[in-house]
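Here is what each chain is made of, one letter per residue.
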Amino acid sequence: MPNVLLLHGGAGSDNSYTEALNRYANSTSSKKSMDPLDFVVEAVRLMEDDPSFNAGTGSVKRIDGSIQMDAAVMANSQIGSVSAIERVKNPVLVAREVMLQTPHVMITGDGAVKLARALGFSDYDPTTERTETIWKKMVAFFNGRDVELPERYSQYYRYAKIFGFPQQKDTVGAVARVGGKFAAAVSTGGSSPMMRGRVGDSPLPGAGLYAGENGAVVATGIGEEIIRKMMCYDIYTKIGTEPLHEILKNKVEEFGEVLVGAIAVSKDEFASYSNSSMATGESTWP
Ligand code: GLY
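Residues numbered from 1 in each chain as written. Predicted model: local features only at pLDDT ≥ 70, side-chain atom pairs only at ≥ 80, totals over all residues. Heavy atoms only, no water.

A. Structural view of the nonpolar core. One finds Leu5, Leu7, Val40 and Ile85 to be the most contacted residues of the largest nonpolar core, which totals 45 residues. Per-element accounting of this core gives the leading share, 8 residues, to helix α2 (residues 36-49). Apart from the residues within four sequence positions on either side, valine 40 is in contact with Leu5, Ala174, Val175, Ala176, Ala183, Ala184 and Ala185. The next biggest cluster of nonpolar side chains, apart from the first, holds 38 residues, and it includes Met74, Val217, Leu244 and Ala271. (Core = buried A, V, L, I, M, F, W, Y, C linked by side-chain atoms within 4.5 Å. Buried < 20%, exposed > 50% of the residue type's maximum accessible area, 1.4 Å probe, protein only. Helix = DSSP H or I, 4+ residues; strand = E, 2+ residues; numbered from the N terminus. Contact = heavy atoms within 4.5 Å.)

Dropping the structure here:
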């Protein structure tokens, strides 16, 4: 089977992003590496640097106005993950260093920021005009309400639906099969509106991503629901039982109206499925 790199711009991203994603996939796959991790990390880095997406530059703000981002990589039975990391340009690059340079799997909050600085990642503000506007609308809506009450996030999600927050784009992600090996990477600003300190599915292996010897899977959508269903590991365990597209479709349909999507690659297939618009890009090469 040819090598393949498949990426998505998040549940909620529409076809207007397809051209950019194909460009990112093609420029990434022109690299000489035979390590699938290099491909997924580079593809996600490019999406983090594109302010259209909710990852890296362009990440949405939390209710308190801060930006805390989550990212993870998985390959070769190894995992690197950062959650609630702030003021770095490329969370996915820090996640890869967690995997390659520390004895840990996941590092969070100020520890993740300290690690990033120690590794030479400089201070960077990922705020954009678009995300500032979205945040101001959120503040106006929540004004006078006690938003720090520890209610379930789905309450916030309902607020978001009922009061029409601007449609958000979710996590970006990439999966690759290169030389018969698999890797997955994800990065996100989270699912707004959300409290400071909230962690979504993206940095959690099994929930937001999974890669093993049979394939790689990444998820996008409302993190809390994805975590409850361990979405990516569940899809991974079904690889080979029916066509990959059917496996994704059946899983996504379990979520009903909750915004969710996934992409996956196996030994002989690759597929994507979402219950909303979800732009994808791909590249295959011998
Ligand atoms: N899927 C990203 C998040 O919920 O944080």
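B. Up close: the site of the ligand. Every residue close to the ligand is listed here: Asp170, Thr171, Thr188, Gly190, Ser191, Arg198, Gly200, Asp201, Ser202, Gly221 and Gly223. A total of 200 Å² of accessible area belongs to the ligand in isolation, and the protein chains cover 100% of it. (Near = heavy atom within 4 Å. Areas by Shrake-Rupley, 256 points an atom, 1.4 Å probe, with all protein chains shown as cover.)

C. Highlighting the confidence of the model for the protein. Across the protein, the average pLDDT comes to 90, with 90% of residues at 70 or higher. Of the regions scoring below 50 in pLDDT, residues 149-154 engages in 15 contacts with residues more than four places distant in sequence or in other chains. (pLDDT = per-residue confidence, 0-100.)

D. Representation of the pattern of salt bridges within the structure. Taken as a whole and assessed by the stated rule, the structure comprises 15 salt bridges. For the salt bridge of lysine 249 with glutamate 253, the shortest nitrogen-to-oxygen distance reads 3.3 Å. Taken together, the positions of lysine 249 and glutamate 253, both in helix α9 (residues 244-253) and 4 residues apart, correspond to about one turn of that helix. Residues participating in the shared-partner salt-bridge network are Asp234, Lys238, Lys251 and Glu254. (Salt bridge = Lys/Arg side-chain N within 4 Å of Asp/Glu carboxyl O.)

E. Expanded view of the packing of aromatic side chains. Taken as a whole and assessed by the stated rule, the structure comprises 5 aromatic pairs. Relative to tryptophan 285, the ring of phenylalanine 39 has its centre 5.1 Å away and its plane inclined at 40°; by these criteria the two rings are tilted. You can see phenylalanine 39 sitting in helix α2 and its partner tryptophan 285 sitting in strand β11 (residues 278-285), a full 246 residues away along the chain. Arranged with centres 6.5 Å apart and planes meeting at 25°, the rings of tyrosine 233 and tyrosine 236 form a pair that is stacked. Of this pair, tyrosine 233 and tyrosine 236 are both found in helix α8 (residues 231-238), 3 residues apart, which corresponds to roughly one turn of the helix. Under the relative-accessibility criterion, tyrosine 236 is labelled buried at 10%. Taking the ring centre of tryptophan 135 as reference, the NZ or CZ of lysine 61 above it sits at 5.8 Å. Above the face of the tyrosine 124 ring, lysine 89 is positioned so that its terminal group lies 5.9 Å from the ring centre. (Phe/Tyr/Trp six-rings, centres within 6.5 Å; stacked < 30°, edge-to-face > 60°. Lys NZ or Arg CZ within 6 Å of the ring centre and 35° of its normal.)

F. Representation of the sheet that holds strand β5 (residues 172-178). Reading across the sheet, the 7 strands line up as β4-β3-β2-β6-β5-β1-β11 and stay open at both edges, with mixed pairing between neighbours. Each edge of the open sheet is held by one strand with a lone partner, namely β4 (106-108) and β11. Between one strand axis and the next, the sheet turns by 5° as a mean value, whatever way the strands run. Here 3 bridges tie strand β3 (residues 78-85) to β4, and the two strands are oriented parallel to one another. Bridge pairing links serine 81 to methionine 106 in β4. (Pairing = 2+ DSSP bridges. Axes fitted to C-alpha atoms, helices over the stretch in contact; angles between N-to-C directions.)

G. Highlighting the environment of alanine 11. The residue alanine 11 is located in strand β1 (residues 3-11) in this model. Classification of alanine 11 by relative accessible area gives buried; the value is 0%. Sequence separation of alanine 11 and threonine 280 is 269 residues, and the distance between their C-alpha atoms is 10.0 Å.

H. Inspection of unusual backbone geometry at higher detail. Even without a glycine there, the phi angle at alanine 84 is positive, about 50°. Inspection of the secondary structure puts alanine 84 in strand β3. Take alanine 84: its relative accessible area is 5%, and that puts it in the buried class. Positive phi, close to 45°, is recorded for methionine 230, a residue that is not glycine. Residue class for methionine 230 comes out partly exposed when judged on its relative accessible area of 36%.

I. Structural view of the packing of α8 against α9. Remark: α8 packs on α9, axes separated minimally by 10 Å, with the N-to-C direction vectors making an angle of 145°. Between α8 and α9 lies a crossing of right-handed hand. Facing α8, whose interface residues are Met231, Asp234, Ile235 and Lys238, α9 presents Ile247, Leu248, Lys251 and Val252. Here the contact of α8 with α9 is composed, by residue class, of 5 nonpolar, no polar and 3 charged. (Left-handed = near helix turned anticlockwise from the far one by under 90°. Nonpolar A, V, L, I, M, F, W, Y, C, P; charged D, E, K, R; others polar.)

J. Representation of the sheet that holds strand β10 (residues 270-274). Reading across from one edge, β7-β8-β9-β10 is the order of the 4 strands in this open sheet, with antiparallel pairing throughout. Both edges of this open sheet fall to β7 (209-212) and β10, since each of them pairs with a single strand only. On average, each strand axis in the sheet is tilted by 5° relative to the strand beside it, whichever way the strands run. Here β7 runs beside strand β8 (residues 215-221); their pairing, made up of 4 bridges, is antiparallel. Residue pairing for β8: tyrosine 210 is matched across the bridge by valine 217. The sheet contacts of α8 involve β7, β8 and β9 (260-266), and relative to β8 the element is tilted by about 145°. On top of the sheet, α9 reaches β9 and β10; it is set at about 20° to β10, its chief contact.

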